[in-house]
Amino acid sequence: MSARIYIVEDNPEVARLLSTVLRDFGFDTDVCRNAAELRQQLRVGKPDLCIIDLGLPDADGMDLVQELQRRHDCGLLILTGRAYLGDRVMGLELGADDYVTKPFEPRELVARVRSILRRRGGAASVPHEERRPAEAHFSGWVFHPDTNTLRGNGQQEWTLSSGEAKLLCTFLQRPNRILAREQICGDPDLSPLDRSIDVRISRLRRKLEVDAQNPKLIRTVYGAGYLFASEVTWA
C-alpha cells in the first residue's frame, strides 16, 4: 500500500491543493479541517505522516504536535503561516520532523514529505508507485528491475544503466499519464536548462522504438512533459 498522509488544514483551498499534489505523486490523503476531525480519523486508521497547520480553529497546533508525538508513531510536518524563529524552534523541539512556512512551493513540499518518510523507513516510506515488483510486461517487452535487463520478443536484450532503468521504472509505474520532467527525475528544483532527462529518454527510445525519430511508446507532450503510451502488467 502507498503511504497515507493526514492533512490537518482548515483552509479548504490549501487543503485541496495539498491533497491534489500529494495524490499526483502517489500518496493517499485524508483531509481533516480541525483537531477534532483528526482525532476522530485516528480512531479509524493510522497515518504514516501528518501535515499540520498551527492555526486551527479548535486547538493550538503546537499542542496537537505534542499530542501526536506522544501518542502516535507517525511523521510530523508543520505547515503554517507563522515564520517566527521561536515557533520553528518550538515545533521542532516538540517532535516535528520538518517546519514549512506559507506560502510554499508544492513540489518542494512533496520532496520534504518523501525525505521524512525515507528517514523514518518502513514499508510505506515511499509511494507504492516507486516500489519494484518482479518484472514488467509491455508492448512485447519484459523489464526486470532487479537486474536492469530489458528483453524483447525478437530476442533483443539490453542491460540498462542505473539511470535508464530508474527512468523506465518511472514510466512503467505511471503509464498513459503525462509526467513533467521534474516528476520523472524526482527533483522539484530541476532547472529548465537541465537536459539530462532528455538524454536518457533519447537512449531509451533508441532501444525501445522501431523509429526513434518518430516515437510511439515514449511520446513528447510539448509544454507538459512525456507520456508512456502502453499498457503495463507487473508479474
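Quick note: structure is the one above.
Please read all numbers here as calculations on a predicted model, not as lab measurements.

Participant: Any details on the pairing of strand E7 (residues 141-144)? Residues and values, ideally.
Facilitator: With burial as the criterion, each face of E7 is covered, one bearing Trp141 and Phe143 and the other bearing Val142 and His144. Bridge analysis of strand E6 (residues 136-138) against E7 gives three bridges, and the strand direction is antiparallel. Considered in E7, the bridge of histidine 137 is made with valine 142. The hairpin turn running from E6 into E7, its antiparallel successor, is two residues long, and serine 139 in that turn takes a positive phi close to 45°. Across four bridges, the pairing between E7 and strand E8 (residues 149-152) is antiparallel. Residue histidine 144 lies in a different strand from E8, and its bridge partner there is threonine 149. Where E7 folds back on E8, the antiparallel hairpin that results is connected by four residues, among which asparagine 148 adopts a positive phi of roughly 60°.

Participant: So what about the packing of helix H1 (residues 12-24) against helix H5 (residues 106-120)? Which residues, and what values?
Facilitator: In contact at an axis separation of 10 Å, H1 and H5 are set at 60° when each is read in the N-to-C sense. When you trace H1 past H5, the crossing you get is right-handed. Taking contact as the criterion, the partners of Leu17, Leu18, Val21 and Leu22 in H1 are, on H5, Pro106, Leu109, Val110 and Val113.

Participant: Could you give an account of the sheet that holds strand E5 (residues 98-101), with specific residues and numbers?
Facilitator: The sheet built from five strands is open, its strands ordered E2-E1-E3-E4-E5 with parallel pairing. Lying at the two open borders of the sheet, with one neighbouring strand each, are strand E2 (28-32) and E5. For this sheet, the mean inter-axis angle between neighbouring strands, taken without regard to orientation, is 20°. For strand E1 (residues 4-8) and strand E3 (residues 49-52), the ladder comprises four bridges, and the chain directions are parallel.

Parameters and conventions
- Residues numbered from 1 in each chain as written.
- Predicted model: local features only at pLDDT ≥ 70, side-chain atom pairs only at ≥ 80, totals over all residues.
- Heavy atoms only, no water.
- Buried < 20%, exposed > 50% of the residue type's maximum accessible area, 1.4 Å probe, protein only.
- Helix = DSSP H or I, 4+ residues; strand = E, 2+ residues; numbered from the N terminus.
- Pairing = 2+ DSSP bridges.
- Axes fitted to C-alpha atoms, helices over the stretch in contact; angles between N-to-C directions.
- Left-handed = near helix turned anticlockwise from the far one by under 90°.
- Contact = heavy atoms within 4.5 Å.

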